[in-house]
Amino acid sequence: MSVATVSLTPVIQSMDLTSINTIRTLSMDAVQAANSGHPGTPMAMAPVAYCLWHQFLRFDPGDPVWPNRDRFVLSIGHASMLLYSLLHLTEVRAVSKDYEILGQPSVPLDAIKSFRQLDSRCPGHPEYRWTSGVETTTGPLGQGVATSVGIAMGRQWLAARYNCPGFENLFDFNVYALCGDGCMMEGISGEAASLAGHLQLSNLCWIYDNNRITIEGHTSLAFSEDVATRFIGYGWNVTRVGDANDLDMLGRAFQTFLNTKDRPTLIIVDSHIGYGAPNKQDTSGAHGEPLGEEEIRLAKRNYGWPEDKKFCVPEGVYDHFRQGIGKRGKQLRDDWFARINEYRKQYPDLAQELFRMQHRQLPERWDRDLPEFPADPKGLATRESSAKVLNAAAKNIPWLIGGSADLAPSTKTRITQEGAGDFSAENYAGRNLHFGIREHAMGALLNGLSLVKIRPFGSGFFIFADYMRGSLRLSALMELPVIYVFTHDSIGVGEDGPTHQPIEQLAHMRSTPGLIMIRPADANEVREAWKVILQLHHEPAVLVLTRQAVPTIDRKKYAAASGLAHGAYVLADAPGGDPEVILISTGSEVALCLQAYEQLSKEGVRARVVSMPSWELFDDQDRSYRESVLPRHVKARVSVEQASDFGWSKYTGCEGRNVCIETFGASAPLKQLLKKFGFSVEDIVAAAKKQIAQCQAQS
């Protein structure tokens, strides 16, 4: 059937049209009540979302986390009321962080009435873990569609590993993402779409709301490309729906996606933003602000809706959704769990794997093969020791998969065990992912993989973390245990110069709430870092590694590397544990501090060396432990790190000395750079003595 595109005035409406208009009016009323939000897109795209959810989406509102459900991603997160209306009308049940179904509605009507207010289940943009039924946090445009590619990749990997004879459809879910002009303009969507086409992800469908309006006005101000041709060039199947209100045409488009088995699908839907609002339809005024009470009344009149009723859900709408997605979804979910019970009997080992993965548990004795490294003054680069530890862990954790932004030979992140293989259109079982030179998309794809409970890692040069800050921030916001491996961590890059020498990146990472960053000092700290990281459940981790070799510290002489789990620990100490000065350092600079410690000891200066690979882990320790490492009465403190000193005063105090870098580095061999920027034993010894003298003068 086709919904009229001119006037919606019949007193008696079909239940399809009534349901669509309920979505529209709930969205309009919520935005107006909040005096904030974006009503136009929900009004335009309500028929599209309704058609998908009511007829096609394999989703059980009673169990919104069953593993083989279809995923719906609202990439245009500003249109959040479209999703909240659907979650309310389909009566999605709330789920706790531990995935225990609580039974209460995820989005009760009162939550819609308190849209965008403090503690509402309907925040301004959809937030994963906050509102059940939200598959990923969206808001920054392009992130949602890019994340959907990772989810689709995850399904293909799950199917390749766990679908077995007799259970060929154990994992066969599809991924739908609703996007708009803003998503198409953001570069991350192009990165992700290019890779999706290359990988022939036939389980992926993007729905493009082509309403031609942005905040500043018509898209012709800045956007005139042929999107269809662009996506055909990416290797996608492209189809078009000329009227967002045409349910028959929408149904055929979704069926076309389901019938396409060799590539992803883009459905271009021509729509009218603010549909039905007589003065604001097709204008930017319907995009980012409430319509106003009078315009809402006129729009409701066009819909044949009671003009003065707010948050109206007509009789029969809830039951209509129950008989559609509710009934279909429950049957699909129940059938799947019945198959899983049979699967356990026939494939118990794989079933146990699957259970552990879905509950973010590790296999028993997963760390039994992690290497230990003997003391070695020459040592090896921490990227090299990380490769050894990663591969040992990967042997015991089959769902640990990942790759790099075209830098695996440099970041040393390839899984080399026999049979690991490369993830490709021809081999979705491969554990080595090739993201291409697409750092921003890589971060979003990792988030998508993590959302289906795979344990993903991605790697690159630390300087290029700047290209993926948006995706990395969302990892932390969603509490996803994504692993980021960044190498070439300092001026140790040498001749590549300032463009490749990270200076401010450590400070950037440390400022991100919920992110665990670890910069290990040697091979054995790398081992301990991976042990910490792989046991995280809700925190993304950044592992920062050297390009150049660093000494493997003699742990018989100095403290055990297991202290890394505390974030910071006393590596070397003054006799009796009574230091005059404390040297605090991370990464490759720890070895330098140990040399300075030995020199100070020879000169009768009581020094302590603290290895502080992770500020976040250290700050999580209790006060007594932190005091034992950095006693308050020892005021003479020196930090040493080849990066910005931003934040170090937290540990060294306002009068402390921070041997850091205040410029963008330089292009030269490493030894020359260390001398130029003051990273020598002599410089650190001098700084320590000056600190002691300064503190004595003040006492």
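Residues numbered from 1 in each chain as written. Predicted model: local features only at pLDDT ≥ 70, side-chain atom pairs only at ≥ 80, totals over all residues. Heavy atoms only, no water.

Participant: With reference to specific residues and values, describe the overall build of the protein chain.
Facilitator: A count of helical and extended segments in the protein chain gives 24 helices and 22 strands. Compactness check: the protein chain gives a C-alpha radius of gyration of 28 Å against a globular reference of 27 Å for 699 residues, within 12% of the reference. With the C-alpha coordinates aligned to their principal axes, the bounding extent of the protein chain is approximately 95 × 60 × 45 Å. Buried residues in the protein chain amount to 61% of all 699 residues. Pairs at least 24 apart in sequence give 76% of the contacts found in the protein chain among residues at least 6 apart. Computed over 71 positive and 79 negative side-chain charges, the inter-centroid distance for the protein chain is 4 Å. (Helix = DSSP H or I, 4+ residues; strand = E, 2+ residues; numbered from the N terminus. Rg over C-alpha atoms; globule rule 2.2 N^0.38 Å. Buried < 20%, exposed > 50% of the residue type's maximum accessible area, 1.4 Å probe, protein only. Contact = heavy atoms within 4.5 Å. Lys, Arg positive; Asp, Glu negative; His and termini not counted. Charge placed at Lys NZ, Arg CZ, Asp CG, Glu CD.)

Participant: An account of the side chain of Arg-555 is needed here, citing residue identities and associated values.
Facilitator: Inspection of the secondary structure puts Arg-555 in the loop between β17 (549–552) and β18 (569–572). A distance of 2.8 Å separates the side chain of Arg-555 from the backbone oxygen of Ala-559, its partner in a polar contact. The contacts of Arg-555, once residues within four sequence positions are left out, are Asp-522, Asn-524, Glu-525, Ala-560, Ala-561, Tyr-569 and Leu-571. (Polar contact = N/O pair within 3.5 Å; in protein donor to acceptor, adjacent residues only side chain to side chain.)

Participant: Break down the pairing of strand β16 (residues 541–544) for me, citing the residues and quoting the values.
Facilitator: By the alternation rule, side chains of β16 split into Ala-541 and Leu-543 and Val-542 and Val-544, which are all buried. Strand direction decides the pairing type here: strand β15 (residues 516–518) and β16, joined by 3 bridges, are parallel. In the strand pairing of β16, Met-517 is matched with Val-542. Crossover β15 to β16 through helix α18 (residues 523–534) is right-handed. (Pairing = 2+ DSSP bridges. Right-handed = clockwise from strand over helix to strand, strands pointing away.)

Participant: Explain the environment of Val-685 to me, using residue names and the numbers behind them.
Facilitator: As for its placement among the helices and strands, Val-685 is situated in helix α24 (residues 681–698). Sequence-distant contacts of Val-685, that is, excluding residues within four places in its chain, are made with Ala-596, Gln-599 and Leu-600.

Participant: Report on the sheet that holds strand β5 (residues 204–210), specifying residues and quantitative values.
Facilitator: The strand order β1-β4-β5-β9-β8 describes an open sheet built from 5 strands, whose pairing is parallel. Whereas interior strands pair on both sides, the edge strands pair on one side only; in this sheet they are β1 (71–74) and β8 (237–241). Pairwise comparison of adjacent strand axes, ignoring direction, gives a mean angle of 20 degrees for this sheet. The strands touched by helix α2 (residues 40–56) within the sheet are β1, β4 (175–179), β5 and β9 (265–270), with β5 carrying the most contacts at an inclination of about 155 degrees. (Axes fitted to C-alpha atoms, helices over the stretch in contact; angles between N-to-C directions.)

Participant: Could you give me a rundown of the nonpolar core, with the residues and numbers involved?
Facilitator: By size, the foremost hydrophobic cluster in this structure holds 165 residues, and its most contacted members are Trp-53, Tyr-162, Trp-206 and Phe-254. When near neighbours in sequence (up to four residues on either side) are disregarded, Trp-53 contacts Phe-59, Phe-72, Leu-83, Leu-86, Leu-87, Thr-90, Ile-325 and Arg-328. One finds Tyr-569, Tyr-597, Ile-661 and Ala-687 within the second-largest nonpolar core, a separate group that totals 37 residues. (Core = buried A, V, L, I, M, F, W, Y, C linked by side-chain atoms within 4.5 Å.)

Participant: Talk me through the sheet that holds strand β12 (residues 432–434); I want residue IDs and the actual numbers.
Facilitator: With parallel pairing, 6 strands are arranged side by side in an open sheet as β12-β11-β13-β14-β16-β15. Of all the strands in the sheet, just β12 and β15 have a single pairing partner and so form its edges. Taken pair by pair, the neighbouring strands of this sheet meet at an average axis angle of 20 degrees, ignoring direction. Of the strand pairs in this sheet, strand β13 (residues 455–461) and strand β14 (residues 483–487) are connected by 5 bridges, and their pairing is parallel. Within β14, the residue paired with Gly-458 across the bridge is Tyr-484. Its contacts with the sheet place helix α15 (residues 439–451) against β11 (400–404), β12, β13 and β14, and it is angled at close to 165 degrees to β13.

Participant: Report on unusual backbone geometry, specifying residues and quantitative values.
Facilitator: Positive phi outside glycine occurs at Arg-129, with the angle close to 75 degrees. Counting through the fold element by element, Arg-129 comes out in the loop between α4 (109–113) and α5 (143–162). In this structure, Asp-282 takes a positive phi of about 65 degrees despite not being glycine. Mapped onto the elements, Asp-282 comes out in the loop between β9 and α10 (293–303).

Participant: Can you explain helix α11 (residues 317–346)? Please cite residues and give values.
Facilitator: Here α11 spans 43 Å end to end across 30 residues, near enough to the 44 Å set by a 1.5 Å rise per residue. Within α11, the axis deviates most sharply at Gln-323, by approximately 35 degrees. If you follow the buried residues of α11, they end up packed against α1 (15–34), α2, α3 (80–89), α5 and α12 (348–358). (Expected span 1.5 Å × (residues − 1). Bend = angle between axes of the 7 residues up to and from the residue.)

Participant: I'd love a proper account of the packing of aromatic side chains, names of residues and values included.
Facilitator: Taken as a whole and assessed by the stated rule, the structure comprises 28 aromatic pairs. A ring pair is formed by Tyr-50 and Phe-321, whose centres lie 5.9 Å apart and whose planes are at 80 degrees; its orientation type is edge-to-face. With Tyr-50 in helix α2 and Phe-321 in helix α11, this residue pair connects regions lying 271 residues apart in the sequence. Assessed through its relative accessible area of 0%, Tyr-50 is described here as buried. Between Phe-56 and Phe-254, the aromatic rings sit 5.5 Å apart at their centres with planes inclined by 50 degrees, giving tilted as the arrangement. Here Phe-254 lies in helix α9 (residues 247–259) and Phe-56 lies in helix α2, a separation of 198 residues in the sequence. Phe-254 carries the same exposure label as Phe-56, and that label is buried. Its guanidinium or amino end placed over the ring of Phe-173, Arg-71 lies 4.2 Å from that ring's centre, counting from NZ or CZ. In this structure, Lys-676 packs its charged tip against the face of Phe-677, placed 5.5 Å from the ring centre. (Phe/Tyr/Trp six-rings, centres within 6.5 Å; stacked < 30°, edge-to-face > 60°. Lys NZ or Arg CZ within 6 Å of the ring centre and 35° of its normal.)

Participant: Talk me through the environment of Ser-271; I want residue IDs and the actual numbers.
Facilitator: When you line up the elements, Ser-271 lands in the loop between β9 and α10. In the structure, Ser-271 is positioned 106 residues away from Pro-165 in sequence and 44 Å away in space, judged by C-alpha atoms. In contact with Ser-271, not counting residues within four places along its chain, are Ala-44, Met-45, Asp-209, Asn-210, Asn-211, Arg-212, Ala-244 and Asp-282. There is a polar contact of 2.4 Å between the side chain of Ser-271 and the side chain of Asp-209.

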